Amino acid sequence: MRDTQVRKSKLRLQRVVGRGAPQDLPTLRDDVIAIFGPTASGKSAVAADLAARLGTEVVSADALQVYRGLEILTNQPHDPTRLVAIRDLSSPMSVGEYATLAHDAVDQLVSQHGAAVVAGGTGLYFRAALADLQIPQSVGPSARACWETVYDADPLAAHAHLVEMDPEAAASVHANDRRRVVRALELAEAGASLAPPDAKLWSEHTRRPTLIVGLVISPRELELRIARRADEMFRRGVVEEVRAAVGGPMSMTARKALGLEDVATLPASEARERL
């Protein structure tokens, strides 16, 4: 919390405490404190410090930190964190499955310690940890393969087709985003939508009383932190880690890890810049 704007946060002024604190101190009004912010803004460090003060643990809301074998690339926290390194690289992970795991973890921590800290992470997973989402239904592999063929033949035509079938979903998905265009088309065909009526990331509805805290860092400082993180990743051996990972079976979910293909295939200096 060294950043000036973070020091002035409402959270710091509240004297938040957890179980076991002196009786004359105020108690936490929320079951969950959820921390979000851009990459390298210090979410993990703030969350770990806060959890220690509250006598509880952190629940990760990062879609890729669930995997073992990509600890460096996904910048997994050093402090013990729920839902980190719980899956083999070959196993897929859906947001619906993650939501169930996150809700269980949060409920356990609140029951045992009086509070839970959630650190994001991936926007959709962050929201999934805090609220009951309307997860779009799954479809069969044949339907997906069909729409993948349509997209690969002509991405712009596939997106135009989506505009006709589901204009709201089409407005939220770029034509170059193959995965989401295909997903939107298969859902539209099944009578569902990638853009449900209540699709706002920030909503007043959470499963438990929740304080959501955003970390604000100046763009210049953020740029420096990202560069330092990238350098540290390569010093720690991210190239060797990634090449070992891609040499074995990997789910499509794991392959979405930022920088995976670049680090696996490009010279280290070029991969660092891309990352």
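Cut-offs used in this document
Residues numbered from 1 in each chain as written. Predicted model: local features only at pLDDT ≥ 70, side-chain atom pairs only at ≥ 80, totals over all residues. Heavy atoms only, no water. Helix = DSSP H or I, 4+ residues; strand = E, 2+ residues; numbered from the N terminus. Buried < 20%, exposed > 50% of the residue type's maximum accessible area, 1.4 Å probe, protein only. Lys, Arg positive; Asp, Glu negative; His and termini not counted. Salt bridge = Lys/Arg side-chain N within 4 Å of Asp/Glu carboxyl O. Contact = heavy atoms within 4.5 Å. Arc of directions from axis to C-beta. Core = buried A, V, L, I, M, F, W, Y, C linked by side-chain atoms within 4.5 Å. Axes fitted to C-alpha atoms, helices over the stretch in contact; angles between N-to-C directions. Parallel < 35°, antiparallel > 145°, perpendicular 65-115°, else oblique. Left-handed = near helix turned anticlockwise from the far one by under 90°. Nonpolar A, V, L, I, M, F, W, Y, C, P; charged D, E, K, R; others polar. Pairing = 2+ DSSP bridges. Phe/Tyr/Trp six-rings, centres within 6.5 Å; stacked < 30°, edge-to-face > 60°.

**Description of the environment of Val163**
With respect to the helices and strands, Val163 occurs in helix 7 (residues 155–165). Along the chain, Val163 and Leu185 lie 22 residues apart, while their C-alpha atoms are 9.6 Å from each other.

**Structural notes on the side chain of Asp166**
By secondary structure assignment, the location of Asp166 is in the loop between helix 7 and helix 8 (167–171). Although Asp166 is buried, it makes no salt bridge; Arg180 carries the closest opposite charge, 10 Å away. Leave out the neighbours within four places in its chain, and Asp166 touches Ala188, Ala192, Ser193 and Leu194.

**So, helix 11 (residues 238–246)**
Of the residues making up helix 11, those classed as buried are Val238, Val239, Glu241, Val242 and Ala245. Taken around the axis of helix 11, the buried residues stretch over an arc of 165°, which confines them to a single face. In helix 11, the exposed residues that point more than 90 degrees away from the buried face are Glu240 and Ala244. The secondary structure elements touched by the buried residues of helix 11 are helix 10 (219–236) and helix 12 (260–265).

**Quick notes on the nonpolar core**
Ranked by size, the top nonpolar core spans 45 residues in total, and within it Leu70, Leu73, Tyr98, Val118, Val238 and Val263 carry the most contacts. Contributions of two or more residues to this core are made by strand 1 (32–36), helix 4 (95–113), strand 4 (116–119), helix 5 (123–130), helix 10, helix 11 and helix 12. Leave out the neighbours within four places in its chain, and Tyr98 touches Ser60, Ala61, Leu83, Met93, Tyr125, Ala128 and Ala129.

**Digging into the packing of helix 6 (residues 141–153) against helix 9 (residues 178–189)**
Here helix 6 crosses helix 9 at 125°, and the two axes come no closer than 9 Å. It follows that helix 6 is oblique to helix 9 by the angle criterion. Two packed elements cross with a definite hand, and for helix 6 against helix 9 that hand is right-handed. Across the interface between the two elements, Ala143, Arg144, Trp147, Glu148, Tyr151 and Asp152 of helix 6 pack against Arg178, Val181, Val182, Arg183, Leu185, Glu186 and Glu189 of helix 9. Each residue belonging to the contact of helix 6 with helix 9 can be placed in one class, and the counts come to 6 nonpolar, no polar and 7 charged.

**So, the environment of Leu194**
For Leu194, the position within the fold is in the loop between helix 9 and strand 5 (210–214). Accessibility expressed as a relative area gives 18% for Leu194, which makes it buried. In contact with Leu194, other than residues within four places in its own chain, are Asp166, Ala169, Val173, Arg180, Arg183, Ala184 and Leu187.

**Here we look at the pairing of strand 4**
Along strand 4, one buried face is formed by Ala116 and Val118 and the opposite face, lined by Val117 and Ala119, is buried too. The pairing of strand 1 with strand 4 spans 4 bridges and is parallel. For Val32, the partnering residue across the bridge sits in strand 4 and is Ala116. Examined bridge by bridge, strand 2 (residues 58–60) and strand 4 share 3 bridges and lie parallel to one another. Each bridged residue has a counterpart across the sheet, and for Ser60 the counterpart in strand 4 is Ala119.

**Describing unusual backbone geometry**
Note the cis peptide between Gly120 and Gly121, where omega equals -5°. Note on placement: Gly121 falls in the loop between strand 4 and helix 5. A positive phi angle, near 65°, is found at Leu83, a position not held by glycine. Mapping Leu83 onto the fold places it in the loop between strand 3 (81–82) and helix 4. Classification of Leu83 as buried rests on a relative accessible area of 11%.

**So, the packing of aromatic side chains**
Enumeration according to the criterion identifies 2 aromatic pairs in this entry. When the ring of Phe36 is compared with that of Phe126, the centres are 5.9 Å apart and the planes differ by 55°; the resulting orientation is tilted. Of this pair, Phe36 sits in strand 1 while Phe126 sits in helix 5, placing them 90 residues apart in sequence. Given the relative accessible area of 29%, Phe36 is considered partly exposed.

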